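Below, each chain spelled out in residue letters.
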Amino acid sequence: PTACRFVMGPTTQCNNMFHPDRRMATLIYIGSMIGTFCSVTLIRFGPLTLVCVIMQMSALLWYVFSYIPYGRACLKRCCSSAFRVASL
């Protein structure tokens, strides 16, 4: 989300980030960034850091795919197919 600020401008980017379609992904991303920082600097617990980083990357991926037409639907199908294959 921060890299797009250069292209669109900070006000437009912040408005887009908190659009109802992207609000949840943005909040999870920001929360997981704070969680990652706290787990690395204050708590120093590796498994919690890993969980926060995975949440951060997942939220960022979900956010980015919201800009691609049918991107989230495609991502859902790919993930469900991957989980189905992995469970066999």
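(A) Structural detail: the overall build of the protein. The helix and strand inventory of the protein stands at five helices and zero strands. Along the protein, from the amino end to the carboxyl end, the secondary structure elements read α-α-α-α-α. Over its C-alpha trace the protein gives a radius of gyration of 15 Å, far above what one expects of a compact globule, namely 12 Å for 88 residues. Overall, the C-alpha framework of the protein stretches about 40 × 40 × 20 Å when taken along its three principal axes. When the 88 residues of the protein are sorted by exposure, 24% land in the buried category. Once local pairs closer than 6 in sequence are excluded, the contacts in the protein between residues at least 24 apart make up 42%. Carbon together with sulfur atoms contributes 74% to the accessible area of the protein, which is approximately 6,400 Å² in total.

(B) Layout of a nonpolar patch on the surface. Together, Met24, Ile28, Leu42, Ile43, Phe45, Leu48, Val51 and Met55 give the surface a local cluster of nonpolar side chains, amounting to about 770 Å² of exposed area. Secondary structure elements with two or more residues in the nonpolar patch: helix H3 (23-43) and helix H4 (46-65). The topology assignment puts Phe45 in the loop between H3 and H4. Here Phe45 falls in the partly exposed class, since its relative accessible area comes to 45%.

(C) Structural view of the side chain of Arg22. Summarising the element assignment, Arg22 is placed in the loop between helix H2 (10-17) and H3. Buried and unpaired, Arg22 has Asp21 as its nearest opposite-charge partner, separated by 5.8 Å. A polar side-chain atom of Arg22 sits 2.8 Å from a polar atom in the side chain of Ser66. If we ignore the near neighbours within four places in the chain, the residues touching Arg22 are Asn16, Met17, Tyr63, Ser66, Tyr67 and Arg72.

(D) Quick peek at the packing of aromatic side chains. Under the defined criterion, the tally for this structure stands at one aromatic pair. Between the aromatic rings of Tyr63 and Tyr67, the centroid separation amounts to 5.5 Å while the plane-to-plane angle is 75°, which identifies the pairing as edge-to-face. If you follow Arg22 out to its NZ or CZ, it ends over the ring of Tyr67, 3.8 Å from the centre.

Reading the values: the criteria
Residues numbered from 1 in each chain as written. Predicted model: local features only at pLDDT ≥ 70, side-chain atom pairs only at ≥ 80, totals over all residues. Heavy atoms only, no water. Helix = DSSP H or I, 4+ residues; strand = E, 2+ residues; numbered from the N terminus. Rg over C-alpha atoms; globule rule 2.2 N^0.38 Å. Buried < 20%, exposed > 50% of the residue type's maximum accessible area, 1.4 Å probe, protein only. Contact = heavy atoms within 4.5 Å. Areas by Shrake-Rupley, 256 points an atom, 1.4 Å probe, with all protein chains shown as cover. Patch = residues over 30% accessible without salt bridge, like charges linked within 9 Å, V, L, I, M, F, W, Y side chains within 5 Å. Salt bridge = Lys/Arg side-chain N within 4 Å of Asp/Glu carboxyl O. Lys, Arg positive; Asp, Glu negative; His and termini not counted. Polar contact = N/O pair within 3.5 Å; in protein donor to acceptor, adjacent residues only side chain to side chain. Phe/Tyr/Trp six-rings, centres within 6.5 Å; stacked < 30°, edge-to-face > 60°. Lys NZ or Arg CZ within 6 Å of the ring centre and 35° of its normal.

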